[in-house]
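Descriptive structure summary
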Amino acid sequence: MVENSELRKAGLKVTLPRVKILQMLDSAEHRHMSAEDVYKALMEAGEDVGLATVYRVLTQFEAAGLVVRHNFDGGHAVFELADSGHHDHMVCVDSGEVVEFFDTEIEKRQKEIVKEHGFELVDHNLVLYVRKKK
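Residues numbered from 1 in each chain as written. Predicted model: local features only at pLDDT ≥ 70, side-chain atom pairs only at ≥ 80, totals over all residues. Heavy atoms only, no water.

Examining the overall build of the chain
For the record, the criterion: Note on conventions: DSSP H or I runs of at least 4 residues are helices, E runs of at least 2 residues are strands, and numbering of each starts at the N terminus. Between buried and exposed lies partly exposed: a residue is buried under 20% and exposed over 50% of the maximum accessible area for its type, with that area taken using a 1.4 Å probe on protein chains only. Throughout, a residue-residue contact means that at least one pair of heavy atoms, one from each residue, lies within 4.5 Å.
Counting its secondary structure elements, the chain contains five helices and five strands. The linear arrangement of helices and strands in the chain, starting from the amino end, is α-α-α-α-β-β-β-β-α-β. Burial statistics for the chain: of 134 residues in total, 32% are counted as buried. Contacts in the chain between residues far apart in sequence, at least 24 positions, make up 43% of those at least 6 positions apart.

Here it is in structure tokens:
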């Protein structure tokens, strides 16, 4: 079980709720899920995991580096597995849909801007708030 080794590697005890939540995040159609999304998906799958447990486990996963929490403007926190490399996000202001993207030109230009201002880039988060064209 890959989930068991991931939990152990992160220093977490292997429990059924943790395994179920990790599996849910790994197999979900959408990479960005709120605690409520995870809870609803678990309920639909017939799993008996409470909402408070989902919140607690996601917080533990974040502290252990298994997931990344995003707090996009105008919405609640969403979580994604920390298994992919750097990417940026577009968030639809109407639907809340989150789209991941990576653009080498944007990354290059950000580094240039930082350097032009006499700084060194430590980390960054680019979020574009978008709306579908009508």
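Let us keep going from here.
Some thoughts on the packing of helix H2 (residues 16-27) against helix H4 (residues 51-64)
Put simply, the rule reads: Here an angle of 0 to 180 degrees is reported between the N-to-C directions of two axes, which are lines fitted to C-alpha atoms, with helices fitted over the stretch in contact. Convention used here: angles under 35 degrees read as roughly parallel, angles over 145 as roughly antiparallel, angles from 65 to 115 as roughly perpendicular, and any remaining angle as oblique. Side-chain classes are defined by residue name, with Ala, Val, Leu, Ile, Met, Phe, Trp, Tyr, Cys and Pro counting as nonpolar, Asp, Glu, Lys and Arg as charged, and the others, Gly among them, as polar.
Close contact between H2 and H4 brings their axes to 10 Å; oriented N to C, the two are set at 75°. One finds that H2 runs roughly perpendicular with respect to H4. For the pair H2 and H4, contact is made by Pro-17, Arg-18, Ile-21, Leu-22 and Leu-25 and by Thr-53, Val-54, Val-57, Leu-58, Gln-60 and Phe-61, respectively. Tallied by class, residues from the contact of H2 with H4 come to eight nonpolar, two polar and one charged.

Considering the UniProt feature "binding site: Fe cation" (unreviewed entry) in the chain
Stated precisely, the cut-off is as follows: UniProt positions are given in the numbering used here, feature names are shortened, and annotations may be inferred rather than shown by experiment. Here a cavity means grid points, on a 1 Å grid over the protein atoms only, where a 1.4 Å probe fits yet cannot get out; a pocket means an open set of points with protein on both sides within 12 Å along at least five of seven lines; lining residues are those with an atom within 4 Å of a point. Within 3.5 Å is the distance limit for a polar contact, defined as a pair of N or O atoms, with the added protein rule that one can donate a hydrogen and the other accept it, and that residues adjacent in sequence qualify only through two side-chain atoms.
Per the UniProt record, the feature "binding site: Fe cation" (unreviewed entry) sits at His-86, Asp-88, Glu-107 and His-124. Spanning 39 residues, the named residues form one tight spatial group whose C-alpha atoms are at most 10.1 Å apart. Checked against the lining of the second largest pocket, the annotated residues reduce to His-86 and His-124. Turning to its location among the elements, Asp-88 is positioned in strand S3 (residues 88-92). Using a relative accessible area of 0% as the deciding quantity, one classes Asp-88 as buried. Beyond its immediate chain neighbours, meaning those up to four positions away, Asp-88 contacts Val-99, Glu-100, Phe-101, Glu-107, His-124 and Leu-126. Engagement of the side chain of Asp-88 in a polar contact is seen with the side chain of His-86, the distance being 3.4 Å.

Looking at the UniProt feature "binding site: Zn(2+)" (unreviewed entry) in the chain
Mapped onto the present numbering, the UniProt feature "binding site: Zn(2+)" (unreviewed entry) falls on Cys-92. Structurally, Cys-92 can be placed in strand S3. Setting aside anything within four residues of it in sequence, one finds Cys-92 in contact with Glu-97, Val-130 and Arg-131.

Here we look at the side chain of Asp-88
This is how it is decided: Only four residue types enter the tally: Lys and Arg on the positive side, Asp and Glu on the negative side, with His and both chain ends excluded. When a carboxyl oxygen of Asp or Glu lies within 4 Å of a side-chain nitrogen of Lys or Arg, that pair is called a salt bridge.
For the buried residue Asp-88, which engages in no salt bridge, the nearest side chain bearing the opposite charge is Lys-111, 11 Å off. A polar contact is formed between the side chain of Asp-88 and the backbone nitrogen of Leu-126, at a distance of 3.5 Å.

Regarding the pairing of strand S2 (residues 78-81)
Note the following rule: For two strands to pair, DSSP has to find at least two bridges joining them.
Across the two faces of S2 the burial is the same, with Val-78 and Glu-80 and Phe-79 and Leu-81 all buried. Examined bridge by bridge, strand S1 (residues 67-70) and S2 share four bridges and lie antiparallel to one another. Counted as the bridge partner of His-70 is Val-78 from S2.

With respect to the nonpolar core
When a protein is soluble and globular, its nonpolar side chains tend to lie buried together. To keep things clear, this is the line we draw: We call a set of buried residues a nonpolar core when its members are Ala, Val, Leu, Ile, Met, Phe, Trp, Tyr or Cys and they connect through side-chain atoms within 4.5 Å of each other.
Ile-21, Leu-25, Val-38, Val-54 and Phe-61 are the most contacted members of the largest nonpolar core, which totals 22 residues. Residue assignment for this core shows that the elements contributing at least two residues are H2, helix H3 (35-44), H4 and S2. Ignoring anything within four residues of it in the chain, the contact list for Leu-25 reads Met-33, Val-38, Leu-58, Phe-61, Val-67 and Leu-81.

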